[in-house]
Amino acid sequence: MSLTKFDFSVPQRQSLVGVFVLFANTLQKSVRAFWPIIIVFLFKNKNYEPFQVYISIFGIIVLISVIAFLRYWFFKFYIDYKLKEFVIENGIFNKTKTTIPFHKIQKVTIDQSIIQRIFNVHKIELDTAGSDKKEASIKAISHDMAVELKKNLLDTSAKENFQDKSGNNNIETSPSFITIGLPSLLKIGITANYLASFAYLVLLFSTLSENLRQIGREDVLQSNLNQLEQLPVMSLFFGFLIFIITAVLLINLVLTVVKYYNFTIKKDQESFVLTYGLFNIKNTIINPEKVQIIKLTQNFFQKKLNINIIEIFQASSDIKRASAKDKTKIPGCNKNEKEKIIRLLLDQLPNHEIVLYPNIRKLLINILFFIIIPISLGVFINSFNQRFSINTILVLTVIYTVLMGIILFFSFKNYRLFISDDYIIKQSGAWDIDQEIIMPYKVQAIKTHQFFWQKWTDIGSVVLFTAGGRISFSTTNYTIIKEQVNKWLYQVEVSTKNWM
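This structure is a prediction, so every number in the text was calculated from the model and none was measured.

Engineer: Before we go on, may I ask you to explain the pattern of salt bridges in this structure?
Structural biologist: Any two side chains of opposite charge can pair, given that their charged atoms come close. If you walk through the whole model with that rule in mind, you get 4 salt bridges. Where E125 meets K123, a salt bridge forms, and the shortest distance between an N and an O atom there is 3.4 Å. Given a relative accessible area of 9%, E125 falls into the buried group. Of the residues examined, K123 reaches a relative accessible area of 17% and is grouped as buried. E311 is the salt-bridge partner of K295, the closest N and O atoms lying 3.9 Å from each other. Residue K295 is located in strand 11 (residues 291-298), and its partner E311 is located in strand 12 (residues 308-314); the two are separated by 16 residues in the primary sequence. Residues joined by salt bridges that share partners form a network here, namely K295, E311 and D434.

Structure representation (structure tokens):
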């Protein structure tokens, strides 16, 4: 047995080199906030005296340095072992005291950005179920202190563990449970997140054009567009298509590798630790008891490449949906690795005894709202402005109907609800097939619904609310739903398991 070398019962400051980290952090935020003004200032055709420039730069550096030191000096943190709370005191002029009970801490993350790696310090962040953002963040502490603080915050009996710990408390030296290599990340990079990468591409071009306009150089973009317009239409179309596909894949690959590089899962007693990142290294611990929903995602290409995506949803501040901070993503694991992770989270692989299918009305209603009504509105609007010819309208209608029809058909085909005594699994999706797994005793509320015209066909809907989001299933057998709801409510009432 060995005593910890950190006494968190007394107020602690960050590492002294944290002043430089806070300086760099404040400078980075200032540049991000004012970079359009800085660009306009630099590109303006106006001569500035060197003395004025040097004095301005010196003044800004001094101001940021003072702010960084004051942020360091007035920032303190400690653990109240008697009340089992973590306390942070900060603020230069307006003093703030943040108190977080141990039982509300959902996730503790240790990060290390490039700047923090230079000064050999770490950032530790706490997530709770009571906020949509990081509840607490300590920017610059040593590696040993970060690991020790994490253990103290996540231990159920923190006071006892603080006084008497075993030698196996260093989670960083635990053997790897699963390591997701670069080939798996490359597979994920080319088979997922196309829309997100396309959005980044659009944002990049819009930001570039706006900045060129602000500095009076929009002629650069316009001249390039004029040159492109001289090319044949088909060449322009296929060239643009190839460029978009290539750019999206490259962005996706880079973002995936940079974010999830060297993804390692280490088992630590009943919990497991995730470590990943190329430049910004993250270290997150997950407690299976606090997991609310497990989401498994796989599309056709990923199935052929034997890779899966797992998302773990913890308690959220919103009962209807989980924010980004409330979920943890594990990309690129194969079938065996996926089963290991699920067994760690659920103790066993989930099974099912009952399967609920959607009524054919669900497909017909979707066809009405997503095909018939949009096409009718389009034809009606075009009859007034005559923007497209009849032949063009027919071609567009056929293409839209075929594409949307395929999406709706596979969405209907994959829509299922699997039920057993221990698990509820919802399956959905047209291309990316999602399976959301919850345990009945973690359900917080249940809502059933049936329209009056659905009574004679005995169909209805159910919504299950959990602390990590909600799961809904509609247009299915209402009698079976009511029977299962009674069983789920009974399980919630009699369960004595801890899930928060």
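Engineer: In this structure, what is going on with the environment of L153? I would like to understand it.
Structural biologist: Looking at the secondary structure, you find L153 in helix 4 (residues 143-154). Take L153: its relative accessible area is 1%, and that puts it in the buried class. Once the C-alpha coordinates of L153 and I105 are considered, the two residues, 48 residues apart in sequence, prove to be 7.8 Å apart. With residues near it in sequence (within four places) discarded, L153 still touches I79, F86, F102, I105 and L126.

Engineer: Looking at this structure, how should I read helix 13 (residues 390-414)?
Structural biologist: Residues spaced three or four apart along an α-helix face the same direction, because each turn holds 3.6 residues. Helix length check: helix 13, at 25 residues, gives a terminal C-alpha distance of 36 Å against a target of 36 Å (1.5 Å per residue), a fit within 8%. Inspection of helix 13 places I393, M404, L408, F412 and N414 among the buried residues, and these make up the whole buried set. Buried residues belonging to helix 13 abut helix 12 (360-385), strand 15 (416-419), strand 16 (424-428) and strand 17 (433-438).

Engineer: Explain the packing of aromatic side chains to me, please; I cannot follow it from the model alone.
Structural biologist: Any aromatic ring pair is given by two values, namely how distant the centres are and how the planes are angled relative to each other. Within the structure shown, the criterion is met by 15 aromatic pairs. Note on Y260 and F263: the rings are 6.1 Å apart at their centroids and 40 degrees apart in plane angle, and the pair reads as tilted. On the basis of relative accessibility, which here comes to 8%, the residue Y260 falls in the buried class. The buried category is assigned to F263, whose relative accessible area is 0%. Through successive ring pairs, a cluster of aromatic residues spans F69, Y72 and W73. When the ring centre of F74 is taken as reference, the NZ or CZ atom of K95 above it lies at 3.4 Å. Seen from the ring of Y415, K362 lies directly overhead, with NZ or CZ sitting 4.5 Å from the centre.

Engineer: What's the story with the sheet that holds strand 20 (residues 469-477) in this structure? I'm lost.
Structural biologist: Two pairing modes exist for strands in a sheet, parallel and antiparallel, and in both the strands are linked by backbone hydrogen bonds. Sheet architecture is open: 3 strands sit in the order 18-19-20, paired in antiparallel fashion. Strand pairing shows two members of the sheet lacking a second neighbour, strand 18 (443-449) and strand 20, which therefore form its edges. Strand-to-strand, the axes of this sheet are offset by a mean angle of 15 degrees, without reference to chain direction. Across 7 bridges, strand 19 (residues 459-466) lies against strand 20 in antiparallel orientation.

Engineer: Could you clarify how one ought to interpret the nonpolar core in this entry?
Structural biologist: As a rule of thumb, nonpolar side chains are buried together in soluble globular proteins. Ranked by size, the top nonpolar core spans 28 residues in total, and within it F272 and I330 carry the most contacts. Elements that contribute at least two residues to this core include exactly strand 7 (176-180), strand 8 (263-268), strand 9 (271-276), strand 11, strand 12, strand 13 (327-333) and helix 11 (335-346). Here the element with the most residues in this core is helix 11; it accounts for 5 residues. With sequence-adjacent residues up to four places away left out, F272 is seen in contact with I265, K266, K267, T284, I285, I286, I312, I330, L344 and L345.

Engineer: Is there a simple way to think about the side chain of T476 in this case?
Structural biologist: Within the secondary structure, T476 is located in strand 20. Within the structure, the side chain of T476 is placed 2.9 Å from the backbone oxygen of Y357, a separation counted as a polar contact. If sequence neighbours within four positions are ignored, T476 has contacts with L356, Y357, D458, I459, G460 and I481.

Engineer: Explain the packing of helix 12 against helix 13 to me, please; I cannot follow it from the model alone.
Structural biologist: A pair of packed helices is captured by two measures, namely the crossing angle of their axes and the spacing between those axes. For the pair helix 12 and helix 13, interaxial distance at closest approach is 10 Å and the crossing angle is 160 degrees. On the basis of their axis angle, the class for helix 12 and helix 13 is roughly antiparallel. Here helix 12 runs over helix 13; the crossing is right-handed. Residue-level contacts link I360, K362, L363, N366, I367, F370, I371, P374, I375, V379 and N382 of helix 12 to I393, T397, Y400, T401, M404, G405, L408, F409 and F412 of helix 13. The residue makeup of the contact of helix 12 with helix 13, split by class, is 14 nonpolar, 5 polar and 1 charged.

Engineer: In this structure, what is going on with the sheet that holds strand 12? I would like to understand it.
Structural biologist: Within the open sheet, the 7 strands sit side by side as 13-12-11-17-16-15-14. Their pairing is antiparallel. Only two strands of the sheet have a single neighbouring strand rather than two, namely strand 13 and strand 14 (354-356). Each adjacent strand pair in this sheet contributes to an overall mean axis angle of 15 degrees, direction not counted. In terms of strand pairing, strand 11 meets strand 17 through 5 bridges, oriented antiparallel. From the neighbouring strand, Q298 faces strand 17, where its bridge partner is I433. Contacting strand 15, strand 16 and strand 17, helix 13 crosses the sheet at an angle of about 10 degrees to strand 15. Of the strands in this sheet, strand 14, strand 15 and strand 16 are in contact with helix 14 (residues 478-494), which crosses strand 14 at around 130 degrees.

Engineer: Sorry if this is basic, but what is going on with the pairing of strand 19 here?
Structural biologist: Walk down a regular strand and you will see the side chains alternate between the two sheet faces. Counting buried positions over the 8 residues of strand 19 gives 8, a clear majority of the element. Burial along strand 19 is two-sided: I459, S461, V463 and F465 and G460, V462, L464 and T466, pointing in opposite directions, are all buried. Sheet topology places strand 18 next to strand 19; 6 bridges connect them, and they run antiparallel. Across the sheet, K447 pairs through a bridge with V463, a residue of strand 19.

Reading the values: rules and limits
Residues numbered from 1 in each chain as written. Predicted model: local features only at pLDDT ≥ 70, side-chain atom pairs only at ≥ 80, totals over all residues. Heavy atoms only, no water. Salt bridge = Lys/Arg side-chain N within 4 Å of Asp/Glu carboxyl O. Buried < 20%, exposed > 50% of the residue type's maximum accessible area, 1.4 Å probe, protein only. Helix = DSSP H or I, 4+ residues; strand = E, 2+ residues; numbered from the N terminus. Contact = heavy atoms within 4.5 Å. Expected span 1.5 Å × (residues − 1). Phe/Tyr/Trp six-rings, centres within 6.5 Å; stacked < 30°, edge-to-face > 60°. Lys NZ or Arg CZ within 6 Å of the ring centre and 35° of its normal. Pairing = 2+ DSSP bridges. Axes fitted to C-alpha atoms, helices over the stretch in contact; angles between N-to-C directions. Core = buried A, V, L, I, M, F, W, Y, C linked by side-chain atoms within 4.5 Å. Polar contact = N/O pair within 3.5 Å; in protein donor to acceptor, adjacent residues only side chain to side chain. Parallel < 35°, antiparallel > 145°, perpendicular 65-115°, else oblique. Left-handed = near helix turned anticlockwise from the far one by under 90°. Nonpolar A, V, L, I, M, F, W, Y, C, P; charged D, E, K, R; others polar.

Purely geometric stuff here, so don't read any function into it on its own.
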